[in-house]
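Results of the structural survey
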Amino acid sequence: MLNFIIRRVAVAIPTLIILLIASFWLMQTAPGGPFTSERPLPPQVLANIEAKYGLDQPILKQLWDYVIGIITQFDFGPSYKYKDRSVNDIIAQGFPVTLTYGIISFVIAIVVGGILGMSAAIRQNSMLDYFAVGVTIGAQVLPNFVMAPILILIFTLWLGWLPGGGWNGGQWQYLVMPVIALSTSYMASIARLTRSSMLEVLRSNFIRTARAKGLPDRTIIWRHALKPSLLPVISYLGPAFVGMVTGSFIIDSIFGTGGIGYFYVNSAFNRDYAVMMGLTILLGSMTIMFNMVVDILYAWIDPKIRL
Amino acid sequence: MTDKLAQPFQQAKTAEMAQGMLEQEVQGRSLWADARARFLSNKAAMVSVVALALIVLFSLFGQSLSQFDNETIDWDILGNVKEAGRPSIENGHFFGFDENGRDLYNRVVQGSRISLAVGIVGAVIAVLVGTLYGATAGFIGGRVDSIMMRLVDIFMSIPYMFVLILLLVVAGRSITMIFVGIGLTAWLDMSRIVRGQTLSIKNREFVEAAIAIGVPTWRIILRHIVPNLLGVVVVYATLLVPTMILTESFISFLGLGVQEPLTSWGALISEGVKSMNYGTLWHLGFPLFFFVVTIFCFFFIGDGLRDALDPKDR
């Protein structure tokens, strides 16, 4: 187990370093300095501003200072476009929003997807099974940027039941559509995963033994089949987390919820490289860490993986 | 008496049957013929092939059906798209006008062409790089293999959507950059799958024979390993195309992908969403239809190919 953890961490650390260097390097090669504008600044002013942000230092020194800033003060750098808005401010403002609809979508995807997949497997080749398989195929071709406008069309423009966007402190009416749009494709994937793993588990020897003992179906499913068939879902948590963060690009731009994705896409349009880099490094390293924890968790639960 | 008469007759019949069996055996089916038969009997996949062929033809030759082009702005329509810009067969604007008074039919043709091109070219690049990388790592094995695959692990755990967007913003938004950015990551999965298959092939007799007669390594990889990987590669490549299209549409939907006057399904869907409030639903409907049908088709064809080619199911 320890061996596995060490090996897993040995992959994560170079990944973090590559991510850091790649983002930093991309920002350095960006055309024009951060303070280039249509009306050129007097060289003296420019030099002063660059000195303020430490941009007159050699690149390696800048990189070093940046890393030290992250480690010691959790400071992901300033925005060069808006003086009052650092990466940390953006995180404080946008992250709770993303986390709110992200976690709700995540829970719904797991619960609904899991139940759908398992009941489909238990009644294989029934109408319910065909329904579940149909839904999962359908949801696969409806990514969130297709789901979201269709939802708005139905619930806002035609039925007028729900507000078409906004956040409003996270009232439930404002949450419904982002959550459905974000969770559908993950629900479908989880349903597919649990269906196939449940089918496999139900054909395995220990289930046959349980049946031979004369246990009722309910006990077999809840006591014996449930846990092993949910295992593959754990390995899906990593990609689902990534999907939640990248999905927020779409959710925030369609529903105007003002999560982290809004700021990311906005800074991409404004060419606010510093914010982009800060967010990339922060969200990227969170993803890498999360994937690592999930992998280790999975290996801890299922020893076969450690090999 | 009857026996004596029946005897030669039966002998002749037996001989005929034996001959028939012999001929049948001579006509034995190859693996590929087998797979083809299985694929042809898969209805969903066959319907998808036809639908996809139609969409490809539409994207290649669609503009010759229309007397308009995708760039001319009809100033009379502008500002009154909802009333005057509806789709109509009579005036030749089959899909109506877009928000800027351009002919939507030709915009969709152009968007389909770009989206399909991104999907197919991206998948081809991923297949070429991934297959060669995976086959090399798997065949050489040992330390080279573990270094190469560790590298893949590392690249795979970088959240590439961020890096892709960062790349597009820094290096400028263009189709070339989209190809580069998507191509950078798409080959990783492929190389893993190919490596796994190579490991199981490389100890077979024909490879040993090739090694024994002194065929150089790269030649063994190209002539003996890669052709035997074809089944897996084909299946995975078909499933890769819709993934590429989805990624490109995601980026273009955000407005960070292809730039005007070029367009793609993602960009068209995004335009459709923006003008949805004004009641011009055809802006959303037409590109969405082509997008969804294409993705569906590729998934069904990929599934059909997997059923036909995957050795695990035999």
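Before reading on, note that the structure itself is shown above.
Every value quoted in this text rests on a predicted model; they were computed, and no experiment measured them. (Residues numbered from 1 in each chain as written. Chains lettered and ligands numbered in written order. Predicted model: local features only at pLDDT ≥ 70, side-chain atom pairs only at ≥ 80, totals over all residues. Heavy atoms only, no water.)

Describing the overall build of chain B
Here is the rule: What counts as a helix is a DSSP run of H or I of at least four residues, what counts as a strand is a run of E of at least two, and both are numbered from the N terminus. Here's how the labels work: a residue is buried when its accessible area is under 20% of the maximum for its type, exposed when over 50%, partly exposed in between, all with a 1.4 Å probe on protein chains only. Residue contacts are defined here by distance: any two heavy atoms, one from each residue, within 4.5 Å place the two residues in contact. Under the convention used here, a 1.4 Å probe and the Shrake-Rupley method define accessible areas, while residue burial counts only the protein chains that appear.
For chain B, the count of helices and strands is 12 helices and 0 strands. For chain B, the α and β elements follow one another from N to C terminus as α-α-α-α-α-α-α-α-α-α-α-α. Taken across its 314 residues, chain B has 46% of its residues classed as buried. Of the contacts made within chain B by residues no fewer than 6 positions apart, 74% connect residues no fewer than 24 positions apart. Per element, the accessible surface of chain B, about 16000 Å² overall, is 64% carbon and sulfur.

Things to note about the nonpolar core
The line we're drawing: Definition of nonpolar core: a set of buried residues of the types Ala, Val, Leu, Ile, Met, Phe, Trp, Tyr and Cys, connected through side-chain atoms within 4.5 Å.
Ranked by size, the top nonpolar core spans 140 residues in total, and within it Phe145(A), Phe249(A), Leu279(A), Ile165(B), Ile269(B) and Phe291(B) carry the most contacts. In terms of residues, this core owes the most to one element, helix α10 (residues 217-253) of chain B, which gives 18 residues. When near neighbours in sequence (up to four residues on either side) are disregarded, Leu279(A) contacts Val87(A), Ile90(A), Ile91(A), Ile260(A), Phe263(A), Tyr264(A) and Gly284(A). In this structure, Met118(A), Val201(A), Ile207(A) and Ile220(A) belong to the second largest nonpolar core, which totals 12 residues.

Some details on the interface of chain A and chain B
Condition: Buried area: the sum, over both parts, of the accessible surface (1.4 Å probe) that disappears when the two are put together. Here, a salt bridge means any side-chain nitrogen of Lys or Arg that lies within 4 Å of a carboxyl oxygen of Asp or Glu. Within 3.5 Å is the distance limit for a polar contact, defined as a pair of N or O atoms, with the added protein rule that one can donate a hydrogen and the other accept it, and that residues adjacent in sequence qualify only through two side-chain atoms. Any residue that is not Ala, Val, Leu, Ile, Met, Phe, Trp, Tyr, Cys, Pro, Asp, Glu, Lys or Arg is counted as polar, Gly included; the first ten are nonpolar and the last four charged.
On the chain B side, the residues contacting the 45 residues of chain A number 35 residues. Taken together, both faces of the contact between chain A and chain B bury some 3500 Å²; the carbon and sulfur share is 85%. In terms of surface lost to chain B, no three residues of chain A exceed Leu26(A), Val141(A) and Phe145(A), which account for 18% of the buried area on that side. One can count 0 salt bridges joining chain A with chain B. One can count 1 residue pair in polar contact (both at pLDDT 80 or more) joining chain A with chain B. Elements with a minimum of two residues in the side of chain A that touches chain B: α1 (2-29), α5 (127-140), α6 (144-158), α9 (217-255), α10 (260-269) and α11 (273-301) of chain A. In terms of residue class, the side of chain A that touches chain B is made up of 32 nonpolar, 11 polar and 2 charged.

Focus on the pattern of salt bridges
Residue and element names in this part refer to chain B. Here the structure, examined in full by the defined rule, presents 8 salt bridges over all chains. In this structure, Glu271 engages Arg107 in a salt bridge whose closest nitrogen and oxygen atoms are separated by 3.1 Å. Of this pair, Glu271 sits in helix α11 (residues 265-274) while Arg107 sits in helix α5 (residues 104-140); the two residues are 164 residues apart in sequence, bridging distant segments of the chain. The network of salt bridges with common partners includes Arg150, Asp153 and Arg192.

As for the packing of α1(A) against helix α3 (residues 59-73) of chain A
Residues and elements named next belong to chain A. The line we're drawing: With axes taken as lines fitted to C-alpha atoms, and helix axes fitted only over the stretch in contact, angles between N-to-C directions fall between 0 and 180 degrees. Roughly parallel means an angle under 35 degrees; roughly antiparallel means over 145; roughly perpendicular covers 65 to 115; every other angle is labelled oblique. The handedness criterion is simple: a crossing whose near helix is rotated anticlockwise from the far helix by less than a right angle is left-handed, and one whose near helix is rotated clockwise is right-handed.
Remark: α1 packs on α3, axes separated minimally by 12 Å, with the N-to-C direction vectors making an angle of 130°. Here α1 is positioned oblique relative to α3, judged by the angle of their axes. Our pair here, α1 against α3, has a crossing hand that is right-handed. Every residue of α3 that contacts α1 at Leu20, Phe24 and Gln28 is listed here: Ile59, Gln62, Leu63, Tyr66 and Val67. Tallied by class, residues from the contact of α1 with α3 come to 6 nonpolar, 2 polar and no charged.

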